[in-house]
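The chain contents come next:
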Amino acid sequence: DATRDKKGLFEEAHEGTIFLDEIGELPTHLQVKLLRVLQEKEIERVGDSNPVKVDVRIIAATHQDLLQKVRRGAFREDLYFRLKVVNVDIPPLRRRKEDIPALVEHFITLFSVENGRRPKTMSVEALAYFLSYDWPGNVRELRNMVERLVIMAPRDVIGPEDLPPPLRTREEASTGDDAA
């Protein structure tokens, strides 16, 4: 509701950076509005006709092939090229498994602090399960799994017996079988 003045995200990010996650999901009518902000460097507040200048750096992320979406007419070509100033291709986690131990350690620390718990550690055997899994949900899936384990694992050392499916098969998890 526009009963009082409130800065929007672009106005809040003035002279800074705004991160737009999953830009490939942006509906066409919002693509037009975003393109206008990028070209004109101004926004209009809801219910106001006076433009507000904004100087914003955009970082956009997607798991989709935006060029394919452009070819299919599902993403505006002019917006695609306006956003594609510097392209950073980050391979999926399954292709950079060497990052997993550091990410696990980072998330354990983060969620231990967030949940007021003593920091846990992960056993070598449990970490082996993490390294053998393909992580179709990428870092988000890994993050959620570590959060679950920090909260739910009963001991200070997370072991294979604490790992739920899909890291371990249901049979392994239910029998407590630690064989990999």
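Everything numeric here is computed off the predicted structure, so don't read it as measured data. Here the residue numbering is sequential within each chain, running from 1 through the sequence in written order. Reporting in this predicted model follows two pLDDT cut-offs: at least 70 for local features of residues, and 80 or more for side-chain atom pairs to be given and counted; totals over whole chains, interfaces and linings ignore these cut-offs and use all residues. To get the side-chain values, all heavy atoms of the structure are used, and hydrogens and water are removed first.

Side note on the packing of aromatic side chains
Stacked, edge-to-face and tilted are the three classes for Phe, Tyr and Trp ring pairs, Trp counted by its six-membered ring, which pair at centre distances within 6.5 Å; planes under 30 degrees apart are stacked, over 60 edge-to-face, the rest tilted. Tallying each qualifying case throughout the model produces four aromatic pairs. Aromatic ring contacts, followed pair by pair, group Phe-130, Tyr-133 and Trp-135 into a single cluster.

A closer look at helix α7 (residues 138-152)
Given 3.6 residues per turn, any residue in an α-helix points the same way as the ones three and four places further on. Helix and strand assignments come from DSSP, with helices taken as H or I runs of at least 4 residues and strands as E runs of at least 2, each series counted from the N terminus. What a helix should span is 1.5 Å times the count of its residues minus one. Taking 1.5 Å of rise per residue, 15 residues should cover 21 Å, and α7 covers 21 Å from first to last C-alpha, within 8% of that figure. Among all positions of α7, only Glu-141, Leu-142, Met-145, Val-146, Leu-149 and Val-150 are buried. Any pair of residues with heavy atoms lying within 4.5 Å of one another is described as a contacting pair. In this structure, the buried residues of α7 make contact with α5 (100-114), β5 (121-122), α6 (124-132) and β6 (157-158). Burial classes follow relative accessibility: with a 1.4 Å probe on protein chains only, a residue under 20% of its type's maximum area counts as buried, one over 50% as exposed, and anything between as partly exposed.

Some thoughts on the pattern of salt bridges
Salt-bridge detection follows one rule: a side-chain nitrogen of Lys or Arg within 4 Å of a carboxyl oxygen of Asp or Glu. Counting across every chain of the model gives twelve salt bridges. A salt bridge links Glu-11 to Arg-45, with the shortest nitrogen-to-oxygen separation between them at 2.5 Å. One end of the pair, Glu-11, is in helix α1 (residues 9-12); the other, Arg-45, is in the loop between β2 (42-44) and β3 (51-53), with 34 residues separating them in the sequence. For Arg-45, a relative accessible area of 26% translates into the label partly exposed. Of the charged contacts, one joins Glu-44 and Arg-36 as a salt bridge, the two residues approaching to 3.8 Å between their closest N and O atoms. One network of salt bridges, in which partners are shared, links Arg-36, Glu-42, Glu-44 and Lys-53.

Notes on the packing of α5 against α7
Close contact between α5 and α7 brings their axes to 9 Å; oriented N to C, the two are set at 50°. What the angle tells us is that α5 and α7 run oblique. Where α5 crosses over α7, the two elements pack in a sense that is right-handed. Here Leu-103, Val-104, Phe-107, Ile-108, Leu-110, Phe-111 and Ser-112 of α5 lie close against α7, whose contacting residues are Val-139, Leu-142, Arg-143, Val-146, Glu-147 and Val-150. Here the contact of α5 with α7 is composed, by residue class, of ten nonpolar, one polar and two charged. In this description, a line fitted to the C-alpha atoms serves as the axis of each element, helices being fitted only across the stretch in contact, and the angle between N-to-C directions of two axes falls anywhere from 0 to 180 degrees. By the definition adopted for this analysis, an angle is roughly parallel if under 35 degrees, roughly antiparallel if over 145, roughly perpendicular if from 65 to 115, and oblique otherwise. Should the near helix be turned counterclockwise from the far one by less than a right angle, the crossing is left-handed, whereas a clockwise turn marks it as right-handed. When residue character is reported, Ala, Val, Leu, Ile, Met, Phe, Trp, Tyr, Cys and Pro are called nonpolar, Asp, Glu, Lys and Arg charged, and the others, Gly included, polar.

A short note on α6
Where α6 is concerned, the buried positions are Ala-126, Tyr-129 and Phe-130. All buried residues of α6 lie within an arc of 100° about the axis, which places them on one face of the element. Set apart from the buried face of α6 by more than 90 degrees, the exposed residues are Val-124, Glu-125 and Ser-132. Of all possible arcs, the one meant is that of the directions from the helix axis to the C-beta atoms.

Topic: unusual backbone geometry
Note that the residue after Pro-165, namely Pro-166, is joined by a cis bond; omega there is 10°. Along the chain, Pro-166 turns up in the loop between β6 and α8 (170-175). The phi dihedral of Asn-138 falls on the positive side, at around 60°, and the residue is not glycine.

Thoughts on the environment of Val-46
In this fold, Val-46 is placed in the loop between β2 and β3. The exposure class of Val-46 is exposed, given its relative accessible area of 73%.

Description of the side chain of Asp-162
Its place among the elements puts Asp-162 in the loop between β6 and α8. The term polar contact refers here to a pair of N or O atoms within 3.5 Å; inside protein, the definition further demands a hydrogen-donor-capable atom paired with an acceptor-capable atom, and it admits residues adjacent in sequence only when both atoms are side-chain atoms. A polar contact of 3.0 Å, which involves the side chain of Asp-162, links it to the side chain of Arg-155. If sequence neighbours within four positions are ignored, Asp-162 has contacts with Leu-149, Ala-153, Pro-154, Arg-155, Val-157 and Arg-168.

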